[in-house]
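Survey of secondary and tertiary structure
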Amino acid sequence: MSKKNEVTQLKDWLNTNPTIQELKKMAKDLGLRVKRMMKKREVIKLFEQYIEELENREKSPSSSSSQIKPSYEKEIKPLERKEITLPETYGKDKLILMPVNPNWIHIYWDFSIRTQKILSDLPYGSRTALRIYDVTYIRFDGNNAHRTFELIVDVRKTKNYYFNVPMPDANYLAELGYITKDRRFVPLLRSNVCKTPANSPSPSSRERWLDIRKKRKIVTPSQGPVIKEIEHVAGSMFGINREIIHQAVSGEGMLWQLISILRSGRGI
Amino acid sequence: MPKGNIVFVLHAHLPYIHHPEYNYFLEEHWLFEAITETYIPLLRMFRKLESEGKKFRLTMSITPPLMEMLANKELQNKYVEHMELMIDLARKEIERTKSEHPLKHKMAKFYYEDFQKILYIFKDIYQNNILNGFKEYLDKNYLDIITCNATHGFLPFMEQYPQAIRAQIEQGIKTYEKHIGRKPRGIWLAECAYFPGLDKYLAEYGIEYFFVDSHGLWYADERPRYGVYRPVITPSNVFVFARDPKSSEQVWSSQIGYPGDSRYREFYRDIGFDREFDYIKPYIDPIGTRTNTGIKYHRITGKDVPLNMKDYYDIDAAKTAAREHARDFLRKKESQVSRLMKLFEGLEPVIVAPFDAELFGHWWYEGPVFLEEFMRYVSESSKVRALKACDVVDITEKVQIVTPAASTWGANGYNEVWLNGSNDWIYPHLHELVEKMTEVAKIYPVPENTNPKIRRTLCQMARELLLAQSSDWAFIMTTQTSVDYAVNRTKTHVKRFLDLYDMVKSGKIDMGRLSHYEWVDDIFPEIDYTMYLKT
């Protein structure tokens, strides 16, 4: 469609009061940058800016294309213009645990062709599952975990998962496998050991000191810290602060506030 | 008389953004804005305090990607062009604002002069490379410049790959040495992210100290007697400083922090968005996207005041506010120190206050004035003195041995800013890349005996891997700003790496493609891929 047409059509369409979903879809189709949390009026604002730009382009004789195209497009090597798709699999058996925070662990997996075959040929009635073992202070032999947690999940359809684990400062290890009809767990992959971060002061009653000048180590019983620090209770970054994140991103709040939230550690 | 010590740490970092294939690239302006609003104002502050004979002491990390960008000739030239354009715009604004409002007119004149001075400092004093300025103040002992891991990669997510951790640290040190001409004594770990065991690698490379967030010490394996107010040492003999939560909160809590004062400049009202399109067009993104120009006429006015209702900005009132806040901050530090001294029975407390450097100037326009005034006041205080982190290391005689707890300075203190539903998809790729890099490095363990084409390909693979590892991409995905760019950068580096990997494996090196990648991803020219052999 010609630019003039596009402007009128777009204006007409906007007048039909489309829903936020329709607005977002159209904005995406037009290549406008829609953020997930945008409110309706913000998306409409995007359209208004887009229309303004189209109209301005109309006025400027140098532009002849009907779309807003980067003036530097000719400089771009063809290599870079394609939508990049990354491999879905690397064809290796992999089960990786990563700590998110003291109570959450992330796990992802990938399969070799052999494992894929086993999974697709599972005997009738069996289900795939993940097991998480608490292996703090032990060398895991498959049977000696302090606790074992099981989660039934179709590992063929998903690729990763977040686990809520009970103990901070603990070592976890995972296995991926399947459960047979007679309730037997058959492990296929075993993960790395992942330690959840500590979230409370150590119960240790010892202090070790280094005398730098004398190059001597001293071990003494601890009286506890001389300062009674005030710890802050952690909230969820995706809960209470969401509004501020949203405000800062949309330009209504202040950018430093956003950074201050995201870089607040546990102390602020 | 013993005093309390304050260690101010500014972490200067930007991800490596250089697009030689474009004349204009929006995200390159992140660097330009930081030079104009943060880095040069800092240098200006150093010069001023020095000329007044004021003793100031600061610790700064300048990350390897930032050093590489600041030293990059092409980016330097692009910056000069950008500033010339902005000076031209500011000149027009002087005319334009005459009839608009006296405060706008006052600021237009200010910007015109200020931009000229900044360009003069950039071009004439430092010959386009402001690293020379920072080095000068390092040599004069005012500054302690430390390094960071190579591309600001998030090290806890490399825990199962020692070679990836070593490569990040080794390249970080090498880049520092190249630009600064000596070895760094300390390191700022990307995102302040530590996990028990990381100290061992730092010790291997001769790093003397690093920083953790407060809870890194609070939840350490043994309780530190002096909390976060004295450094500790790890069993591998590396000093650790921990952030003072009070200083952070006072300066930049999103609720009560100084930058929220109504007299300060409003970040989001910029003439790049406010002026009519035809007028501003030559000064914004050539495709017509409105961008910041750095010319802003409004003040915060009030937190709940909508953008279109903001009042005009008066730089003199804002400077008064910054002075008041600096004095207030010093008073707070003095009383904090008095309390701590009593508890410590005379032992000198060390208060560590780390911030993103870009808070000072870029996000908080008056931040450099605050810092300068604080350093001026502190140089006259009888209770508090500013020290560099390395000074503290040098004077410490007895230190507690502890292993800090896993921690970061991200929201809630752990890893969730860099690992959540918005960015978890990147890690299977990043981990696989490390495995593939190690695999091919093992095939060609001696660079001198390796075919030069293969060698170049392996080196470029290492660059793509390091660039993909920048924690910035995951961070941006979480903030939901510039997400497309961050996603695209991650995908691009992974894709280029895999392309190069296929070339090495097949032995068929596509020289055109390799040269192209070397040109567009031109960080760390001296890189040595064999660092991935250190497993």
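Identification of chain B as DUF1957 domain-containing protein from Thermosipho ferrireducens is taken from an unreviewed UniProt entry. The heading Sequence similarities (unreviewed entry) in the UniProt record of chain B holds the text "Belongs to the glycosyl hydrolase 57 family."

Chain A goes by DUF4912 domain-containing protein in an unreviewed UniProt entry, where it is assigned to Thermosipho ferrireducens.

**Thoughts on the UniProt feature "domain: 1,4-alpha-glucan branching enzyme C-terminal" (unreviewed entry) in chain B**
Residues given the UniProt feature "domain: 1,4-alpha-glucan branching enzyme C-terminal" (unreviewed entry) here are residues 429-532 of chain B. Secondary structure across residues 429-532 of chain B comprises 73% helix and 0% strand; the distance between its end C-alpha atoms is 17 Å.

**Side note on the sheet that holds strand β5 (residues 209-212) of chain B**
The sheet built from 6 strands is open, its strands ordered β10(A)-β9(A)-β10(B)-β6(B)-β7(B)-β5(B) with mixed pairing. Each edge of the sheet is formed by a strand with only one pairing partner; in this case those strands are β10 (216-221) of chain A together with β5 of chain B. Taken together, the 2 bridges between strand β6 (residues 232-233) of chain B and strand β10 (residues 398-401) of chain B define a ladder with parallel strand orientation. Counted as the bridge partner of B:Ile233 is B:Ile401 from β10(B).

**Side note on the nonpolar core**
All names here are of chain B. Grouped together as the largest cluster of nonpolar side chains are 197 residues, with contacts concentrated most on Phe8, Tyr39 and Phe46. By residue number, the principal contributor to this core is helix α1 (residues 29-51), which donates 11 residues. In this structure Tyr39 touches Ala12, His13, Leu14, Leu31, Ala34, Leu66, Leu70, Ile130, Phe134 and Glu358, once residues within four positions along its chain are discounted. In terms of nonpolar packing, the next biggest core, distinct from the first, is built from 23 residues, Val7, Val9, Phe241 and Val350 among them.

**Remarks on the side chain of B:Gln168**
Residue and element names in this part refer to chain B. Positionally, Gln168 belongs in helix α6 (residues 162-180). A relative accessible area of 0% means that Gln168 is categorised as buried. For Gln168, the side chain forms a polar contact with the side chain of Thr151, separated by 3.0 Å. Each residue touching Gln168, except ones within four places of it in the same chain, is listed here: Asn149, Ala150, Thr151, His152, Gly153, Leu155, Met158, Leu466 and Gln469.

**A look at the UniProt feature "domain: Glycoside hydrolase family 57 N-terminal" (unreviewed entry) in chain B**
The positions that UniProt labels "domain: Glycoside hydrolase family 57 N-terminal" (unreviewed entry) are, in the present scheme, residues 7-310 of chain B. Helix makes up 44% of residues 7-310 of chain B and strand 10%, whereas the separation of the span's terminal C-alpha atoms amounts to 36 Å.

**Focus: helix α5 (residues 131-139) of chain B**
All names here are of chain B. All of the buried residues in α5 are Leu131, Gly133, Phe134, Tyr137 and Leu138. Mapping the buried residues of α5 onto a view down its axis gives an arc of 160 degrees, with all of them on the same face. Where α5 is buried, its residues contact α1, β2 (58-62), α2 (64-70), β3 (143-148) and α6. Backbone geometry just downstream of α5 places Asn141 in the positive-phi region, at approximately 75 degrees.

**Observations concerning empty space enclosed by the protein**
Residue and element names in this part refer to chain B. Tallied over the full model, the rule gives 8 cavities of 30 Å³ or more. Here the largest cavity defines a volume of roughly 130 Å³. Phe154, Met158, Tyr427, Leu430 and Gln469 are the residues nearest the centre of the largest cavity, which is lined by 14 residues in total. Contributions of two or more residues to the lining of the largest cavity are made by α15 (426-443), α16 (452-469) and α17 (471-479). Among the elements that line the lining of the largest cavity, the one with the most residues is α15, at 5 residues.

**Some thoughts on the state of the cysteines**
All names here are of chain B. Tallied over the full model, the rule gives 0 disulfides over all chains. The cysteine Cys148 is free of any disulfide, with Cys192 supplying the nearest cysteine sulfur at 10 Å. Cys192 sits in the buried class, given a relative accessible area of 2%.

**Details of the packing of α16(B) against helix α18 (residues 483-506) of chain B**
Residue and element names in this part refer to chain B. Contact geometry for α16 and α18: axes closest at 9 Å, N-to-C directions at 155 degrees. Compared by their axis directions, α16 and α18 come out roughly antiparallel. Judged by the twist between their axes, the crossing of α16 over α18 is left-handed. Residue-level contacts link Ile454, Thr457, Leu458, Gln460, Met461, Glu464, Leu465, Leu467 and Ala468 of α16 to Arg489, His493, Arg496, Phe497, Leu500, Tyr501, Met503 and Val504 of α18. In terms of residue class, the contact of α16 with α18 is built from 11 nonpolar, 3 polar and 3 charged.

**Things to note about the interface of chain B and chain A**
Quoted interface sizes are often the accessible area lost when the parts come together. Every contact between the two is made by 102 residues of chain B and, on the other side, 90 residues of chain A. In this assembly, chain B packs against chain A so that about 8900 Å² is buried in total across both faces, 60% of it on carbon and sulfur atoms. Contact with chain A buries surface across chain B, with B:Tyr219, B:Arg223 and B:Gln480 losing the most and accounting together for 9% of the total. Taking the shortest distance from any N to any O, the salt bridge between A:Arg263 and B:Glu191 comes out at 3.4 Å. Where chain B meets chain A, there are 27 residue pairs in polar contact (both at pLDDT 80 or more). It is α18(B) that provides the largest number of residues to the side of chain B that touches chain A, a total of 8 residues. A class-by-class count of the residues in the side of chain B that touches chain A yields 45 nonpolar, 31 polar and 26 charged.

**Concerning α17(B)**
Residues spaced three or four apart along an α-helix point in a common direction, a consequence of the helix completing one turn every 3.6 residues. Burial of α17(B) is extensive: 9 of the 9 residues sit out of reach of the surface. Note on α17(B): the residue one or two positions beyond its end, B:Gln480, has a positive phi of about 65 degrees.

**Quick word on the sheet that holds strand β2 (residues 104-110) of chain A**
The 3 strands are arranged β1-β2-β5 (chain A) in an open sheet whose pairing can be described as antiparallel. Each edge of the sheet is formed by a strand with only one pairing partner; in this case those strands are β1 (94-101) and β5 (160-164) of chain A. Here the strands of the sheet are splayed against their neighbours by 20 degrees on average, with no regard to which way each runs. Here β1(A) pairs with β2(A) via 7 bridges, running antiparallel. Opposite A:Leu95, over in β2(A), you have A:Trp109 as the bridge partner. Each of β1 and β2 of chain A touches α15(B); the most contacted strand, β1(A), lies at about 125 degrees to it.

Here is what the cut-offs are and how they apply
- For every chain, the first residue of the written sequence is number 1, and numbering continues from 1 onward in sequence order.
- By the order in which they are written, chains take letters starting at A while ligands take numbers starting at 1.
- Where local features are concerned, this predicted model is filtered to residues with pLDDT of at least 70; where side-chain atom pairs are given and counted, the filter is 80 or more; whole-chain, interface and lining totals use all residues.
- As a rule here, side-chain values come from all non-hydrogen atoms in the structure, and water together with hydrogens is ignored.
- UniProt positions are given in the numbering used here, feature names are shortened, and annotations may be inferred rather than shown by experiment.
- Secondary structure elements are taken from DSSP: a helix is a run of H or I of four residues or more, a strand is a run of E of two residues or more, and numbering for both begins at the N terminus.
- Strand pairing is defined by DSSP finding a minimum of two bridges between the two strands.
- Remark: nonpolar core denotes a set of buried residues (Ala, Val, Leu, Ile, Met, Phe, Trp, Tyr, Cys) joined through side-chain atoms within 4.5 Å.
- Each residue's exposure class comes from its accessible area (1.4 Å probe, protein chains only) as a fraction of the maximum for that residue type: buried when under 20%, exposed when over 50%, partly exposed otherwise.
- Any two residues having at least one pair of non-hydrogen atoms within 4.5 Å are treated as being in contact.
- Polar contacts, as counted here, are pairs of nitrogen or oxygen atoms within 3.5 Å of one another; within protein the pair requires one atom able to donate a hydrogen and one able to accept it, and residues that are adjacent in sequence qualify only if both atoms are side-chain atoms.
- This arc is taken over the directions from the axis of the helix to the C-beta atoms.
- Here the term cavity refers to a set of points on a 1 Å grid, laid over the protein atoms alone, in which a 1.4 Å probe fits but cannot get out; the term pocket refers to an open set having protein on both sides within 12 Å along at least five of seven lines, with lining residues being those that place an atom within 4 Å of a point.
- Grid points are joined across faces, edges and corners, and a volume is the space filled by probe spheres set on the points.
- For this text, the term disulfide refers to a pair of cysteine sulfurs within 2.5 Å.
- Note on geometry: axes are lines fitted to C-alpha atoms, helical ones only across the stretch in contact, with angles between N-to-C directions running from 0 to 180 degrees.
- These descriptions rest on fixed angle ranges, namely under 35 degrees for roughly parallel, over 145 for roughly antiparallel, 65 to 115 for roughly perpendicular, and the rest for oblique.
- Less than a right angle of anticlockwise turn of the near helix away from the far helix marks a crossing as left-handed, whereas a clockwise turn marks it as right-handed.
- Three classes are used, and their members are as follows: Ala, Val, Leu, Ile, Met, Phe, Trp, Tyr, Cys and Pro are nonpolar, Asp, Glu, Lys and Arg are charged, and the others, Gly among them, are polar.
- The quantity reported as buried area is the accessible area (1.4 Å probe) lost by two parts once they are put together, taken as the sum for both.
- Salt bridge, as applied in this entry: a Lys or Arg side-chain nitrogen positioned within 4 Å of an Asp or Glu carboxyl oxygen.

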